[in-house]
Amino acid sequence: MAKGGGPRHNAQMPEQELPPSASAGILSLRAFDYDLPSALADLVDNSISAGAKKVEITTQWAGVDSWIAVVDDGLGMTDKVLLEAMRLGSTSPSQVRQPHDLGRFGLGLKTASIWACRRLTVLSKVVGGKVSVRTWDVDRVVAENRWLVGDSAEGDVALSFAKSLGGKESGTVVLWQKMDTLYSGGRKGELRTRESYNRDLASAFRMLGVTFHRFIEKDKDPVVIMAGVNKVVPWNPSVSDPAPQSYHKSLLAFSGETVKVSTYVMPYSKNFASSTALERAEGLLGWNAHQGFYVYRNDRLIVCGGWLGMFASQDHYKLARVVVEIPNTLDIEVGISVTKTSVRLPEGLRADLEGEAKAARAASLEVYRNRGRKVTTSTTNTKFAMPWQLFEKDGRFYYLLNKKHPLYERARDSAGDANAFSSMVSLIEQALPYADIAIRNGERPESFPRPYEDAGSAERKKVLKEVYAAYLSAFGSREKALEMISKTPPFSSFEEISEL
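Predicted model, so just to flag it, every value in this text is computed and none were measured.

Caption draft 1: Summary view of the overall build of the protein chain. Within the protein chain, the secondary structure is distributed over 17 helices and 15 strands. Counting contacts in the protein chain only where the partners sit at least 6 residues apart, residues at least 24 apart contribute 65% of the total. As displayed, the protein chain offers around 27,400 Å² of accessible surface, 52% of which is attributable to carbon and sulfur atoms.

This is the structure we're talking about:
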């Protein structure tokens, strides 16, 4: 006992290495937040970083024996490099990356693959070398509770790829087998059908065309991604026919690096060159899903739409797209996830991007409100211009007719029964079908016609004459009356103004 009666403690406890449990660790890796598009994209990242100009994705559906292979013509890996590449966390996240490098955590190949399958086989060959093979088998690791990496191709499929790769100059094959994640999840807990599997695969291939569109579209040395016998088609969110309006380009300084920002507003639906051009610009998930930010890292798309938690997606802002280009030197600062599907913006950069987003949304709203027509502004007093006035009470918005509009006053004064006129106006105001308008506008906003869109010239002339008479009475001047008409939508767009 030490003085004072207390227990004696060692001055320093010996350090002990405490490696993670192999069985628990490898099963935990299967819980990463991947889906098929992001898992395949992680493999394509590696191929592009290895200098591949052609990436082929092949698959065979055979229930529990189904497989997917990603084959590239990149530089390949020696046996030593391949062994290190199979290590979890093979590269430190803090290590400086080459400008073209699409990796960061040294996890993608392993986590994406182990999420998708229980057996990962990687075969690789460098120029002048032999085919090297390494395998992670989840079932073996769990059974042995050891991080055991295999060094041979097992089964006819893997042996076939080994033979094929042996006849090439260089390249890498990533083979997924025992794909329980991808063939499970059918109805009533049964295996998925081949049709269901193929639908997901086709959707994933389309998403690869979005994620890697800049590499596919390159003028010099483009990357060809093959989905079976078909080329993956690129989709560029800032390209349309006609071209989108480019509202703003800026360079933001952050943490000693430069972030490029470009804002675009897509054309209004009726202005597209064709229905095909409209569908193309709409994107895979529809207009509302594709509004917002597009965050690129080294030309590889990380975030595909949405407002990064800044705003809710709403119909009137669906034409706004904000392209943000971030160098890989800012990976840690912007919080790019291991799965490369999300970012977590620091406050300083977030505040700057929020300002860019607000400007893009405002521009989208103007195009949307005016159905793609150019908007002109004037300092002229237009208090009589709009027939409706917007009011707010207790947080609720409502519209009333503008009782000071000259045409309203003219109609009121010429009405034979003042009470009947007043009651009719009140009925129009109170029975305005707000809910129905909101629902229809949300579902098919382009289906609403512009005012007098289907009216003939004779009807427009008739209305113009009444408006002109009202303004002439109010202002006492032909010039002022015509000026007011030219500032009053929708009459300002009527060609018949010249005939007044």
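Still to come is the rest of the account.
Caption draft 2: A look at the packing of helix α13 (residues 406-414) against helix α16 (residues 457-475). In the contact formed by α13 and α16, the axes pass within 8 Å of each other and the chain directions differ by 95°. The pairing of α13 with α16 is recorded here as roughly perpendicular in orientation. Where α13 abuts α16, its residues Pro406, Leu407 and Arg410 lie against Glu466, Val467, Ala469, Ala470, Tyr471 and Ala474. Here the contact of α13 with α16 is composed, by residue class, of seven nonpolar, no polar and two charged.

Caption draft 3: Structural detail: the nonpolar core. Ranked by internal contacts, the top residues of the largest apolar core, which has 49 residues, are Leu40, Ile68, Trp176 and Leu182. With 23 residues, the next largest nonpolar core counts Trp307, Ala320, Leu345 and Ala357 among its residues.

Caption draft 4: Broad picture of unusual backbone geometry. Each neighbour pair has its own omega, and for aspartate 241 with proline 242 the value is 5°, a cis peptide bond. Backbone geometry at serine 255 places phi at a positive 50°, although glycine is not the residue there. In this structure, serine 255 sits in the loop between β9 (245-254) and β10 (257-265). Serine 255 sits in the partly exposed class, given a relative accessible area of 49%. One non-glycine residue, lysine 340, lies in positive phi territory at about 55°. Position of lysine 340 relative to the elements: it lies in the loop between α11 (331-334) and α12 (347-369).

Caption draft 5: Spotlight on the pairing of strand β1 (residues 54-60). In terms of strand pairing, β1 meets strand β7 (residues 224-227) through four bridges, oriented parallel. Its bridge partner being in β7, lysine 54 is matched across the sheet by valine 224. Here six bridges tie β1 to strand β2 (residues 67-72), and the two strands are oriented antiparallel to one another. For threonine 59, the partnering residue across the bridge sits in β2 and is isoleucine 68. Counting the residues in the hairpin turn of β1 and β2 gives six residues, including glycine 63, whose phi is positive at 60°.

Caption draft 6: Looking closely at the pairing of strand β3 (residues 119-125). Of all seven residues making up β3, seven are buried, and the element is well covered by its neighbours. Sheet topology places β3 next to strand β4 (residues 132-137); six bridges connect them, and they run antiparallel. Its bridge partner being in β4, leucine 123 is matched across the sheet by valine 133. Connecting the antiparallel pair β3 and β4 is a turn made up of six residues, with glycine 128 showing a positive phi of about 80°. Of the strand pairs in this sheet, β3 and strand β6 (residues 171-177) are connected by seven bridges, and their pairing is antiparallel. Bridge assignment links threonine 121 to a residue of β6, and that residue is leucine 175.

Caption draft 7: Examining the side chain of histidine 290 more closely. With respect to the element layout, histidine 290 can be found in the loop between α10 (275-282) and β11 (292-297). Look at histidine 290 and you get buried, because its relative accessible area is 2%. There is a polar contact of 3.2 Å between the side chain of histidine 290 and the backbone nitrogen of leucine 284. Here the side chain of histidine 290 touches leucine 285 through a polar contact of 3.0 Å, landing on its backbone nitrogen. Setting aside residues up to four positions removed in sequence, histidine 290 forms contacts with Trp235, Glu282, Gly283, Leu284, Leu285, Cys304, Gly305 and Arg321.

Caption draft 8: A look at the packing of aromatic side chains. The full count for this structure, using the stated rule, is 11 aromatic pairs. Ring centres of tryptophan 67 and phenylalanine 161 lie 5.6 Å apart, and the angle between their planes is 85°; this geometry places the pair in the edge-to-face category. Pair noted here: tryptophan 67 is in strand β2 and phenylalanine 161 is in helix α6 (residues 155-166), with a separation of 94 residues, a long-range link. Both residues of the pair, tryptophan 67 and phenylalanine 161, belong to the buried class. Ring-pair connections join several aromatic residues into one group, and the members of that group are Phe32, Tyr34 and Trp115. The ring of tryptophan 307 is capped by arginine 361, whose NZ or CZ atom sits 5.1 Å from the centre of that ring. Taking NZ or CZ as reference, arginine 361 lies 3.8 Å from the ring centre of tyrosine 317, over its face.

Caption draft 9: Quick peek at the environment of valine 224. In this fold, valine 224 is placed in strand β7. Exposure remark for valine 224: the relative accessible area of 25% places this residue in the partly exposed category. Residues valine 224 and alanine 52, spaced 172 residues apart in sequence, show a C-alpha to C-alpha distance of 8.9 Å. Not counting the four nearest positions on each side in its chain, valine 224 is found in contact with Lys53, Lys54, Val55 and Lys231.

Caption draft 10: Quick look at helix α4 (residues 108-116). Extensive coverage of α4 is indicated by the burial of nine of its nine residues. Listed in full, the buried residues belonging to α4 are Gly108, Leu109, Lys110, Thr111, Ala112, Ser113, Ile114, Trp115 and Ala116.

Caption draft 11: Structural context of a nonpolar patch on the surface. A grouping of Trp388, Leu390, Phe397, Tyr399, Met424, Leu427, Ile428 and Tyr434 is seen on the molecular surface, where their side chains present a nonpolar patch of about 770 Å² in accessible area. Breaking the nonpolar patch down by element, the ones donating at least two residues are β14 (388-393), β15 (396-401) and α14 (418-430). With three residues, α14 is the single largest residue contributor to the nonpolar patch. Assignment of secondary structure puts leucine 390 in strand β14.

Caption draft 12: How the structure looks around the side chain of threonine 172. Summarising the element assignment, threonine 172 is placed in strand β6. A distance of 2.8 Å separates polar atoms of two side chains, one belonging to threonine 172 and the other to serine 124.

Caption draft 13: Up close: the sheet that holds β2. Taken together, eight strands build an open sheet; the order of strands is β5-β4-β3-β6-β2-β1-β7-β8 and the sheet is mixed. This sheet does not close on itself; its edge strands, each paired only once, are β5 (149-150) and β8 (230-231). Across the face of the sheet, α6 comes into contact with β1, β2, β3 and β6 while running at roughly 170° to β6.

What counts as what
- Residues numbered from 1 in each chain as written.
- Predicted model: local features only at pLDDT ≥ 70, side-chain atom pairs only at ≥ 80, totals over all residues.
- Heavy atoms only, no water.
- Helix = DSSP H or I, 4+ residues; strand = E, 2+ residues; numbered from the N terminus.
- Contact = heavy atoms within 4.5 Å.
- Areas by Shrake-Rupley, 256 points an atom, 1.4 Å probe, with all protein chains shown as cover.
- Axes fitted to C-alpha atoms, helices over the stretch in contact; angles between N-to-C directions.
- Parallel < 35°, antiparallel > 145°, perpendicular 65-115°, else oblique.
- Nonpolar A, V, L, I, M, F, W, Y, C, P; charged D, E, K, R; others polar.
- Core = buried A, V, L, I, M, F, W, Y, C linked by side-chain atoms within 4.5 Å.
- Buried < 20%, exposed > 50% of the residue type's maximum accessible area, 1.4 Å probe, protein only.
- Pairing = 2+ DSSP bridges.
- Polar contact = N/O pair within 3.5 Å; in protein donor to acceptor, adjacent residues only side chain to side chain.
- Phe/Tyr/Trp six-rings, centres within 6.5 Å; stacked < 30°, edge-to-face > 60°.
- Lys NZ or Arg CZ within 6 Å of the ring centre and 35° of its normal.
- Patch = residues over 30% accessible without salt bridge, like charges linked within 9 Å, V, L, I, M, F, W, Y side chains within 5 Å.
- Salt bridge = Lys/Arg side-chain N within 4 Å of Asp/Glu carboxyl O.

On their own, these measurements won't tell you what the molecule is for.
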